[in-house]
Amino acid sequence: RPHEEGLVVSREAKKQEITPSFHGYEEPLRKRLKLDADNRPKISLWAILKSMIGKDMTKMTLPVSFNEPTSLLQRVAEDMEYADLLDTAAERLDSTERMVYVAVFAASEYASTIGRVAKPFNPLLGETYEYARPDKGYRFFIEQVSHHPPIGAAYAESPSWDYYGESAVKSKFYGKSFDINPLGTWFLKLRPSSGGEEIYTWKKVTSSVVGIITGNPTVDNYGPMEVKNWKTGDVCILDFKPRGWKASSAYQVTGKVTGADGKTRWSIGGRWNDKIYARLTPGFEDDLDRPSSVSVRSQDAGSTQAFLVWQCHERPSGIPFNLTPFVLTLNALPESLRPVLAPTDTRLRPDQRAMEDGEYDFAAVEKNRVEEKQRKKRREREASGEDHKPRWFTKGRCEITGEPYWVFNDQYWRMRDEVAKGGSWEKV
Ligand code: CLR
């Protein structure tokens, strides 16, 4: 059953559907890499990049020591780190309160960009990546559906929400900064405990590497973000402040949640690398006078003190490549998972695995080999005049927003279930 629109799926049905995909994820989460420190050669970024002004990332050939052992598919899976915010959103009875949690989820994705001035591996055409968390009740899947331009189509599911969209970026090196503009729209289908189904959409903000010339490269994320609830008309506008010259503006995000009547219900503020708070606009307390909302108010009734919506997980120092503890779990390949994994899964890429193990020379050789193989396949396709067809997604249009999106055909997890029962992956 493909994910049809307009068909409200119950949370229970969704749970039944997801549970078999936890097969292979029984082992404890990985806590460290083989490597204890990445002794990558320290080369000045500017020295390498200065001849590449005006180029986009896909046209840059950089030494493998500028990579980190993740792929762009896994960088999208990183959006899942704070997925519990979506679970919380679904439990809230007031739609503007749900919006607070959804918008803060959209902002929480940026915390892990700190200290990560490194290039993720470019996924091969048809490469896939799956990630399931039995402890959290969700599963995530992404496929590289286009190589030029690079596009990944993703679909994550849990009993109370589906999160899906297209990961495509336009990048350009301006000399002073290296800017990455995400293009696709992200969709959230929320199944609130109060019933029904809501569609939210937003676009990601610009990520930018600044401080290249001064030898102190840092990732900044800035710009406006509009999160819209298409069912209720609630809107949240978040404003990610550019780092600028003043240290005080770094990481700042502010925002407002307005109801369908255009009135401001909530103010949001904080820093996307640390903590984000929300405060109810005085006068709207009565709207929240329901049991589920008690936690947002302080002891004295009617108070509109700010409350903490989200806090960044700890970033222990000493993890190679400045990865986060969550990222460490993404490329783990426990023995229980290996037999059920699709042959196209990122975890099986030898170059990325070598990078993770600190074998940089071997990583470079393998990277060349797999990319050369891909170029050969591309030439063959061109010669025979056939187009590449994504294996797990088709193009569709959202009936509610009118925008194009990638429809997940649901065959991936069903086939994986077959494999777990003794079948095998057909040539994908
Ligand atoms: C931002 C969040 C988006 C997905 C996404 C796509 C591209 C990523 C970007 C995120 C973060 C920054 C990023 C970028 C690709 C390259 C760039 C990792 C995750 C790095 C910092 C550029 C390094 C510069 C090299 C020249 C070393 O949902």
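Everything below is about the structure printed above this text.
My aim in this report is to walk through the structure given alongside it, one point at a time. These figures come from a predicted structure and were not determined experimentally.

**Some remarks on the overall build of the protein**
- The helix and strand inventory of the protein stands at nine helices and 18 strands.
- Taken over C-alpha atoms, the radius of gyration comes to 22 Å for the protein, in line with the 22 Å a tight globule of 428 residues would show.
- If one aligns the C-alpha atoms of the protein with their principal axes, the spans along those axes are about 65 × 55 × 40 Å.
- The 428 residues of the protein split such that 54% are buried.
- When contacts within the protein are restricted to residue pairs at least 6 apart in sequence, long-range pairs at least 24 apart make up 62% of them.
- In the structure as shown, the protein presents an accessible area of about 19,700 Å², 53% of it carried by carbon and sulfur atoms.

**Things to note about the pattern of salt bridges**
- The final tally for this structure, using the stated rule, is 38 salt bridges.
- Between Glu157 and Lys14 there is a salt bridge, and its shortest N-O distance comes to 3.3 Å. One end of the pair, Glu157, is in strand E5 (residues 151-158); the other, Lys14, is in helix H1 (residues 11-18), and 143 residues separate them in sequence. Both residues of the pair, Glu157 and Lys14, belong to the buried class.
- We note a salt bridge from Asp417 to Lys421, for which the minimum N-O separation is 3.5 Å.

**Section: helix H9 (residues 411-420)**
- Listed as buried for H9 are Tyr412, Trp413, Met415, Arg416 and Val419. The arc that holds the buried residues of H9, viewed along the axis, is 160 degrees, so those residues lie on one side.
- Among the structural elements, strand E3 (128-133), strand E4 (138-146), E5 and strand E18 (404-408) are those in contact with the buried residues of H9.
- Taken from the residues just after H9, Gly422 is the one with a positive phi, measuring 115 degrees.

**With respect to the site of the ligand**
- Near the ligand you find 13 residues, and of these Met57, Arg75, Arg116, Ala118 and Lys204 are the closest.
- Lys204 places a polar side-chain atom, nitrogen or oxygen, 2.8 Å from an oxygen atom of the ligand.
- Every element with two or more residues in the shell around the ligand is listed here: helix H3 (72-77) and strand E10 (206-210).
- Considering only residue class, the shell around the ligand consists of nine nonpolar, one polar and three charged.

**Comments concerning the pairing of strand E7 (residues 178-182)**
- Sheet topology note: the strand E6 (residues 161-173)/E7 ladder contains five bridges and is antiparallel. Paired with Ser171 across the two strands is Ile180, which belongs to E7.
- In this antiparallel pair of consecutive strands, E6 and E7, the connection spans four residues, and Gly175 shows a positive phi of 95 degrees.
- The sheet contact formed by E7 and E10 spans three bridges and is antiparallel. Bridge pairing in E10 places Ile180 opposite Ser207.

**What to know about the environment of Thr304**
- Among the structural elements, Thr304 can be located in the loop between strand E15 (275-280) and strand E16 (307-311).
- Taking the C-alpha atoms as reference points, Thr304 and Leu93, separated by 211 residues in sequence, lie 18 Å from one another.
- The contact partners of Thr304, leaving out residues within four places of it in the chain, are Arg279, Leu280, Pro282 and Glu285.

**Quick look at the state of the cysteines**
- Counted according to the given criterion, the structure contains zero disulfides.
- In this structure Cys236 is not part of a disulfide, and its nearest cysteine sulfur, from Cys312, lies 19 Å away.

**Comments concerning the environment of Val209**
- Structurally, the position occupied by Val209 is in strand E10.
- Residue Val209 is classed as buried on the basis of its relative accessible area of 12%.
- Between the C-alpha atoms of Val209 and Asp179, which are 30 residues apart in sequence, the distance is 6.5 Å.
- Beyond its immediate sequence surroundings of up to four residues, Val209 is in contact with Leu45, Val117, Lys176, Ser177, Phe178, Pro217 and Thr218.

**A closer look at the packing of helix H4 (residues 84-91) against helix H5 (residues 95-108)**
- Running from N to C, H4 and H5 point in directions that differ by 170 degrees, and their axes come no closer than 8 Å. One finds that H4 runs roughly antiparallel with respect to H5. Contacts from Leu85, Leu86, Thr88 and Ala89 of H4 reach H5 at Arg98, Tyr101, Val102, Val104, Phe105 and Ser108.

**Things to note about unusual backbone geometry**
- Of note, the amide linkage connecting His148 to Pro149 takes the cis form, showing an omega dihedral of 0 degrees.
- Residue placement: Pro149 occurs in the loop between E4 and E5.
- Phi angles above zero are rare outside glycine, and Tyr251 is one such case at about 70 degrees.
- Within the element layout of this structure, Tyr251 appears in the loop between strand E12 (235-240) and strand E13 (252-258).

**Comments concerning the packing of aromatic side chains**
- Evaluated as defined, the whole model comprises 26 aromatic pairs.
- Where Tyr163 meets Trp186, the ring centres are 5.1 Å apart and the plane angle is 25 degrees; that geometry is what we call stacked. Of the two residues, Tyr163 is situated in strand E6 and Trp186 in strand E8 (residues 185-190); the sequence distance between them amounts to 23 residues. Of the two residues examined, Tyr163 and Trp186, each falls in the buried class.
- Relative to Phe187, the ring of Tyr164 has its centre 5.3 Å away and its plane inclined at 5 degrees; by these criteria the two rings are stacked. Taken together, the residues Tyr164 in strand E6 and Phe187 in strand E8 connect sequence positions 23 residues apart.

**Quick look at the nonpolar core**
- Core analysis: the biggest nonpolar cluster contains 72 residues, and Phe140, Trp161 and Trp202 have the highest contact counts within it.
- The element contributing the most residues to this core is H5, with nine residues.
- Sequence-distant contacts of Trp161, that is, excluding residues within four places in its chain, are made with Met80, Ala83, Leu86, Asp87, Tyr138, Ala156, Leu188, Lys189, Leu190 and Arg191.
- Ranked by size, the runner-up nonpolar core spans 22 residues in total, among them Phe141, Tyr155, Cys398 and Trp406.

Reading the values: rules and limits
Residues numbered from 1 in each chain as written. Predicted model: local features only at pLDDT ≥ 70, side-chain atom pairs only at ≥ 80, totals over all residues. Heavy atoms only, no water. Helix = DSSP H or I, 4+ residues; strand = E, 2+ residues; numbered from the N terminus. Rg over C-alpha atoms; globule rule 2.2 N^0.38 Å. Buried < 20%, exposed > 50% of the residue type's maximum accessible area, 1.4 Å probe, protein only. Contact = heavy atoms within 4.5 Å. Areas by Shrake-Rupley, 256 points an atom, 1.4 Å probe, with all protein chains shown as cover. Salt bridge = Lys/Arg side-chain N within 4 Å of Asp/Glu carboxyl O. Arc of directions from axis to C-beta. Near = heavy atom within 4 Å. Polar contact = N/O pair within 3.5 Å; in protein donor to acceptor, adjacent residues only side chain to side chain. Nonpolar A, V, L, I, M, F, W, Y, C, P; charged D, E, K, R; others polar. Pairing = 2+ DSSP bridges. Disulfide = S-S within 2.5 Å. Axes fitted to C-alpha atoms, helices over the stretch in contact; angles between N-to-C directions. Parallel < 35°, antiparallel > 145°, perpendicular 65-115°, else oblique. Phe/Tyr/Trp six-rings, centres within 6.5 Å; stacked < 30°, edge-to-face > 60°. Core = buried A, V, L, I, M, F, W, Y, C linked by side-chain atoms within 4.5 Å.

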